[in-house]
Amino acid sequence: FSQTANTEIYVQQNFTAMDFSQHKQFRFLLYNPGPADADTKFFLRIATDDSNYSEVEIPLDFSGAWHVYSLKMIDTNDDGVPERWESNSKYDASVANEGYLNYKRISTIKAGVRNENDASASGTVWLDDIFLTDSVTTVGRAYMGEAKIAVDNWLEAGGKVKYMDDKFQTPVSV
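Every chain is numbered independently, its residues counted from 1 as its sequence is written. This being a predicted model, a pLDDT of at least 70 is required before a residue's local features are given, and a value of 80 or more before pairs of side-chain atoms are given or counted; all residues contribute to the totals for chains, interfaces and linings. Hydrogen atoms and water are omitted, and side-chain values are computed over all heavy atoms in the structure.

By convention in these notes, a salt bridge is any Lys or Arg side-chain nitrogen within 4 Å of a carboxyl oxygen on Asp or Glu. Across all of its chains, the model carries 7 salt bridges by this definition. Measuring nitrogen to oxygen at the nearest pair gives 3.0 Å for the salt bridge that ties Lys41 to Glu116. Of this pair, Lys41 sits in strand 4 (residues 37-49) while Glu116 sits in the loop between strand 9 (106-115) and strand 10 (121-122), and the two are 75 residues apart along the sequence. Across the pair Glu57 and Arg114 runs a salt bridge whose closest N-O atoms are separated by 2.7 Å. With a gap of 57 residues between them, Glu57 in strand 5 (residues 52-60) and Arg114 in strand 9 connect regions that are remote in the sequence. Only DSSP runs of H or I covering at least 4 residues are called helices, and only runs of E covering at least 2 are called strands; the numbering of each starts at the N terminus.

Shown next, in the form of structure tokens:
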């Protein structure tokens, strides 16, 4: 990156929709091969639009080492869908959650660098291996029963019962 004072540069990837709601952690690796600079910050944002997003901002105050950043996806209302990020990293990272981000319909990932210096800045930062971990486990119930009675080719009766609650899933129903 090479940028003037107090500017932001970024790359952005747009998607139709990705579902992040079935995991508990969002992780990525970050490497700064250049000199440490606390006034230059890396940021990573997931969003449904410009008003509804979760973002992490990391000062590039480290050099020459890979750092793994972990963001916990928090479900605040127990509906099974996360609403916000919270930093779970041992490194300095600040998180902002704006609006209402639908973690079932992530449509944008944006990564970039903010220069908060009064002078220009340049350098290199590597982002690698963005991944989700800690799958959410749901427990559903289902059962089926069948009974049949026959009396010497004279009488035949039977019945079936089948039940599946709304959390029951098979590989086909997901």
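On we go from here.
This part covers a nonpolar patch on the surface. Put simply, a patch holds well-exposed residues, over 30% relative accessible area, that have no salt bridge, with like charges counted together within 9 Å and Val, Leu, Ile, Met, Phe, Trp or Tyr side chains within 5 Å. With residues, only the protein chains shown are counted as cover, and all accessible areas are computed by Shrake-Rupley using a 1.4 Å probe. On the surface, a nonpolar cluster with roughly 460 Å² of combined accessible area is contributed by Ile149, Val151, Trp154 and Leu155. Checked against the element boundaries, Trp154 lands in the loop between strand 12 (142-151) and strand 13 (155-164). For every residue, the accessible area obtained with a 1.4 Å probe (protein chains only) is divided by the maximum for its type, and the residue is called buried under 20%, exposed over 50%, and partly exposed between those limits. Residue classification places Trp154 among the exposed positions, given a relative accessible area of 71%.

Whether two strands pair depends on DSSP finding at least two bridges between them. Taken in spatial order, the 4 strands of this open sheet run 7-6-3-11, and their pairing is antiparallel. Strands with a single pairing partner mark the edges of an open sheet, and in this sheet they are strand 7 (84-87) and strand 11 (126-135). The sheet shows a mean angle of 30° between the axes of neighbouring strands, taken without regard to direction. As judged from the 7 bridges shared by strand 3 (residues 23-31) and strand 11, these two strands associate in the antiparallel manner. Paired with Leu30 across the bridge in strand 11 is Leu127. Angles here are taken between N-to-C directions and fall from 0 to 180 degrees, while the axes themselves are lines fitted to C-alpha atoms, restricted in helices to the stretch in contact.

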